[in-house]
Amino acid sequence: VECIYFFAVDRLARRVSVVLSIKEWADEHKINLVFLNPFPFSTWFKNTEGEWKKNDISDIYLMFLSTGAKMEMQIKGERFANAKRWLKDNNKVTGNLPYGYCSGENKDITINKDEAKVIRWIFDSYLNQGLSCSKIYESAIELGYFENKIVNRANQAGKIQQILKNKNYCGKATPTGIVYPLIIDEDIVDNAIA
């Protein structure tokens, strides 16, 4: 390999130390690194006699651009964190939702009515009919519940246990401050946990 082309420095790495260590390795192996953006630049060039020489300002150029790439990632991370914080503060969806909930048009957390019926059935089966978690899971599969959300996963009884212990269904704020709409009264969840 004599030459490696990059669209821009940030395609090589976004940390100055990584960029400079790769450049050092490439220089030792006499490999020319060519960056096409923001303007064409290479770490080696041919002099007037046609000999390849190291570009003396390439270290400064790469430090400058990789520092900019790192700052860009920090700004992007802060922007994502601010957006996630805003979503959480406004009780909007910020990730995967527990079984029984879905995302509304405005990313608000709403009850999935079909899944909420299954949740109520699970609590009734456990507390009033005395079925074990394994039996509830088997019955749910026979009845066509869960579709692709829980079926065919390991530890099926554990999935039922998670639902029975999930206080998100009580309509109270979670430790992270998100409030899910009420599906099951807290005393019912407490009974299941007990």
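Because the structure is a prediction, the values reported are computed rather than measured.

**Student:** Break down the overall build of the protein chain for me, citing the residues and quoting the values.
**Tutor:** Within the protein chain, the secondary structure is distributed over six helices and seven strands. In the protein chain, the order of α-helices and β-strands from amino to carboxyl end is β-α-β-β-β-β-α-β-β-α-α-α-α. The C-alpha atoms of the protein chain give a radius of gyration of 28 Å, which is well past the 16 Å a tight globule of 194 residues would have. Its C-alpha atoms give the protein chain principal-axis dimensions of about 90 × 35 × 30 Å. For the protein chain, the proportion of contacts with a sequence separation of at least 24, taken over those separated by at least 6, is 46%. By element, 52% of the accessible surface of the protein chain is carried by carbon and sulfur atoms, the whole surface being about 12,500 Å². Separation between the mean location of the 26 positive side-chain charges and that of the 24 negative ones in the protein chain comes to 2 Å.

**Student:** Give me helix α5 (residues 156-165): which residues, what numbers.
**Tutor:** For α5, the complete set of buried residues consists of Gly-158, Ile-160, Ile-163 and Leu-164. In this fold, the buried residues of α5 make contact with α3 (113-127), α4 (133-142) and α6 (186-193).

**Student:** Explain the packing of aromatic side chains to me, using residue names and the numbers behind them.
**Tutor:** On inspection of all chains with the given rule, the structure shows six aromatic pairs. A centroid spacing of 3.7 Å and a plane angle of 25 degrees characterise the contact between Phe-41 and Tyr-61, whose relative ring orientation is stacked. On the criterion of sequence distance, the pair formed by Phe-41 in strand β3 (residues 41-42) and Tyr-61 in helix α2 (residues 58-89) is long-range, its members being 20 residues apart. Since its relative accessible area comes to 9%, Phe-41 is described here as buried. For the ring pair Trp-121 and Tyr-145, a centre distance of 5.1 Å and an interplane angle of 70 degrees mean the geometry is edge-to-face.

**Student:** Give me the lowdown on the packing of α3 against α6, citing residues and values where you can.
**Tutor:** At a minimum axis separation of 10 Å, α3 and α6 run at an interaxial angle of 50 degrees. With respect to each other, α3 and α6 are oriented oblique. At the point where α3 passes α6, the crossing takes the left-handed sense. Each of Phe-123, Tyr-126 and Leu-127 in α3 lies in contact with α6, whose residues at this interface are Ile-188, Val-189, Asn-191 and Ala-192. Of the residues in the contact of α3 with α6, the class split is six nonpolar, one polar and no charged.

**Student:** A description of the environment of Ser-134 should follow, citing residues and the corresponding values.
**Tutor:** Structurally, Ser-134 is set in helix α4. The spacing of Ser-134 and Gln-156 is 22 residues in sequence and 6.9 Å in space, taken between C-alpha atoms.

**Student:** Let's hear about the side chain of Asn-32: which residues, and what values?
**Tutor:** Locating Asn-32 in the fold gives a position in strand β2 (residues 32-35). Residue classification places Asn-32 among the buried residues on the basis of a relative accessible area of 7%. Within the structure, Asn-32 has its side chain in polar contact with the backbone nitrogen of Trp-44 (distance 2.9 Å). Contact partners of Asn-32, with chain neighbours within four places excluded, come to Glu-2, Cys-3, Ile-4, Ser-42, Thr-43, Trp-44 and Trp-52.

What counts as what
- Residues numbered from 1 in each chain as written.
- Predicted model: local features only at pLDDT ≥ 70, side-chain atom pairs only at ≥ 80, totals over all residues.
- Heavy atoms only, no water.
- Helix = DSSP H or I, 4+ residues; strand = E, 2+ residues; numbered from the N terminus.
- Rg over C-alpha atoms; globule rule 2.2 N^0.38 Å.
- Contact = heavy atoms within 4.5 Å.
- Areas by Shrake-Rupley, 256 points an atom, 1.4 Å probe, with all protein chains shown as cover.
- Lys, Arg positive; Asp, Glu negative; His and termini not counted.
- Charge placed at Lys NZ, Arg CZ, Asp CG, Glu CD.
- Buried < 20%, exposed > 50% of the residue type's maximum accessible area, 1.4 Å probe, protein only.
- Phe/Tyr/Trp six-rings, centres within 6.5 Å; stacked < 30°, edge-to-face > 60°.
- Axes fitted to C-alpha atoms, helices over the stretch in contact; angles between N-to-C directions.
- Parallel < 35°, antiparallel > 145°, perpendicular 65-115°, else oblique.
- Left-handed = near helix turned anticlockwise from the far one by under 90°.
- Nonpolar A, V, L, I, M, F, W, Y, C, P; charged D, E, K, R; others polar.
- Polar contact = N/O pair within 3.5 Å; in protein donor to acceptor, adjacent residues only side chain to side chain.

By themselves, these figures tell us nothing about what the structure is for.
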